[in-house]
Amino acid sequence: MRRSADVQERATLDKAADENFPVAPFFLPRAWREDLMAVYGFARLVDDIGDGDLAPGGADALALGLDPGRSDDRVAMLDAFETDLRKVFDGRPGHPLLQRLQPTVRRRALTPEPFLGLIAANRQDQLVSRYETYDDLLAYCELSANPVGRLVLAVTGTETPERVRRSDAVCTALQIVEHLQDVSEDLARDRIYLPAEDMKRCSVQESDLARPHAGAAVRSLIAYEAERARDLLNEGTPLVGSVHGRLKLLLAGFVAGGRAALRAIAAAEYDVLPGPPKPTKPQLLREVGAVLRPDRGEG
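Residues numbered from 1 in each chain as written. Predicted model: local features only at pLDDT ≥ 70, side-chain atom pairs only at ≥ 80, totals over all residues. Heavy atoms only, no water.

Some thoughts on the overall build of the chain
Then comes step 1: Across its full length, the chain holds 15 helices and zero strands.
Then comes step 2: For 299 residues, the compact-globule estimate of 2.2 N^0.38 gives 19 Å, and the chain sits close to it at 19 Å.
Then comes step 3: Here the C-alpha coordinates of the chain stretch approximately 55 × 45 × 30 Å along the principal axes.
Then comes step 4: For the chain, the share of sequence-separated contacts (at least 6 apart) that also reach a separation of at least 24 residues comes to 69%.
Then comes step 5: As displayed, the chain offers around 13600 Å² of accessible surface, 52% of which is attributable to carbon and sulfur atoms.
Then comes step 6: Each charge sign in the chain was given a centre, from 39 positive and 46 negative side chains, and these centres are 6 Å apart. (Helix = DSSP H or I, 4+ residues; strand = E, 2+ residues; numbered from the N terminus. Rg over C-alpha atoms; globule rule 2.2 N^0.38 Å. Contact = heavy atoms within 4.5 Å. Areas by Shrake-Rupley, 256 points an atom, 1.4 Å probe, with all protein chains shown as cover. Lys, Arg positive; Asp, Glu negative; His and termini not counted. Charge placed at Lys NZ, Arg CZ, Asp CG, Glu CD.)

Structural data, given as structure tokens:
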């Protein structure tokens, strides 16, 4: 069973290669890479639980002290995951990804709040599948995305109130961009992260999102939400200029990942329904250079 757990742990961590942004790139100090991957493993697993994307076999449930047959009970899995998370701060967790996280928590003096926020976001996904207003969506991103950026700042020891504010803007933007890329995938899970008031304004019905290709109304809606995400990225970009060295390059990668994804969406003429528009690696590198050229802002 230990071998099965090790294989599943590796499979979860390997998903980092598919993200819009670099998770723990090679140029960072080894200690930072290890800690960022530990944080990523937590965030990826809690999302997989909430989305029902766990590997078959029940290894994750067993590691959390549940019967493997309950792997599909997302609420029970999230409850067990939170119980095991609390052992990271006071005890010995059972899940291998939480065991990996424990030294990071101790080394960086991390607090439970951002981790609990990510669990709360996935609980919300089990109860809420539509968002009436943009503000409702922002409140969801406060739980589902912003804790990740705050953890990056905490791991690297660079937290300030202004950096947290800028980081929140970047993370919310990245979350919205991901929602725009994944409209069809989310709809297959009976979730829509496009604000209902914006859909109404653009004369978009839910049935329009189920088509093979986006019509003019859906494209208009996606373009509108993409512009909002771009504004948030611009608001957060001075975060990059407020730090130095390798961390500056990492944060530039986060912003550039969002910008490159938005360019890919625009290049697809905002038709995201056939599948997520993805930037190429050269496009991402060009965006990194564009973010790094100006020295934006101070911390």
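Structural notes on the nonpolar core
Then comes step 1: Formed by 86 residues in total, the largest nonpolar core has its most connected members in Phe42, Phe81, Leu101, Leu194 and Leu209.
Then comes step 2: The element contributing the most residues to this core is helix 2 (residues 30-51), with 11 residues. (Core = buried A, V, L, I, M, F, W, Y, C linked by side-chain atoms within 4.5 Å. Buried < 20%, exposed > 50% of the residue type's maximum accessible area, 1.4 Å probe, protein only.)

Looking at helix 9 (residues 161-181)
Then comes step 1: With 21 residues, helix 9 should cover 30 Å at 1.5 Å per step; its first-to-last C-alpha distance of 30 Å lies within 8% of that length.
Then comes step 2: The buried fraction of helix 9 is high, at 17 of 21 residues. (Expected span 1.5 Å × (residues − 1).)

Comments concerning empty space enclosed by the protein
Then comes step 1: Taken as a whole and judged by the stated rule, the model has five cavities of 30 Å³ or more.
Then comes step 2: Put simply, the largest cavity is a space of about 60 Å³.
Then comes step 3: Forming the walls of the largest cavity are Gly149, Val152, Leu153, Ser167, Val170, Cys171, Leu239, Leu251 and Phe254.
Then comes step 4: Elements supplying a minimum of two residues to the lining of the largest cavity: helix 8 (146-155), helix 9 and helix 14 (245-267).
Then comes step 5: For the lining of the largest cavity, the class distribution of residues is seven nonpolar, two polar and no charged. (1 Å grid on protein atoms, 1.4 Å probe; cavity = no way out; pocket = protein on both sides within 12 Å on 5 of 7 lines; lining within 4 Å. Points joined across faces, edges and corners; volume = space filled by probe spheres on them. Nonpolar A, V, L, I, M, F, W, Y, C, P; charged D, E, K, R; others polar.)

A short note on helix 7 (residues 134-144)
Then comes step 1: Regarding helix 7, the residues found buried are Tyr134, Leu137, Tyr140, Cys141 and Ser144. Around the axis of helix 7, the buried residues are gathered within 115° of arc, so they sit on the same side.
Then comes step 2: Packed against the buried residues of helix 7 are helix 6 (113-127), helix 8, helix 9, helix 11 (196-201) and helix 12 (216-236). (Arc of directions from axis to C-beta.)

Digging into the packing of helix 2 against helix 6
Then comes step 1: At a minimum axis distance of 9 Å, the contact between helix 2 and helix 6 shows a crossing angle of 15°. Classified by the angle their axes make, helix 2 and helix 6 are roughly parallel. Pair helix 2 / helix 6 crosses with right-handed handedness. Together, Phe42, Ala43, Val46, Asp47 and Gly50 of helix 2 and Phe115, Leu118, Ile119, Asn122 and Gln126 of helix 6 make up the contact between the two elements.
Then comes step 2: Tallied by class, the residues present in the contact of helix 2 with helix 6 amount to six nonpolar, three polar and one charged. (Axes fitted to C-alpha atoms, helices over the stretch in contact; angles between N-to-C directions. Parallel < 35°, antiparallel > 145°, perpendicular 65-115°, else oblique. Left-handed = near helix turned anticlockwise from the far one by under 90°.)

A look at the pattern of salt bridges
Then comes step 1: Summed over the entire model, instances satisfying the criterion amount to 27 salt bridges.
Then comes step 2: Note that arginine 44 and aspartate 48 form a salt bridge whose closest N and O atoms lie 3.2 Å from each other. Residue arginine 44 and its partner aspartate 48 are both found in helix 2; the two are separated by four residues, about one turn of the helix.
Then comes step 3: In this structure, the salt-bridge partner of aspartate 198 is arginine 228, at a minimum N-O distance of 2.8 Å. Placement of aspartate 198 in helix 11 and of arginine 228 in helix 12 is noted, with a sequence separation of 30 residues between them. We note that aspartate 198, like arginine 228, is buried.
Then comes step 4: The structure contains a network of salt bridges with shared partners spanning Asp79, Glu82, Arg86 and Arg123. (Salt bridge = Lys/Arg side-chain N within 4 Å of Asp/Glu carboxyl O.)

Such coordinate-based values are descriptive only and should not be taken to indicate function.
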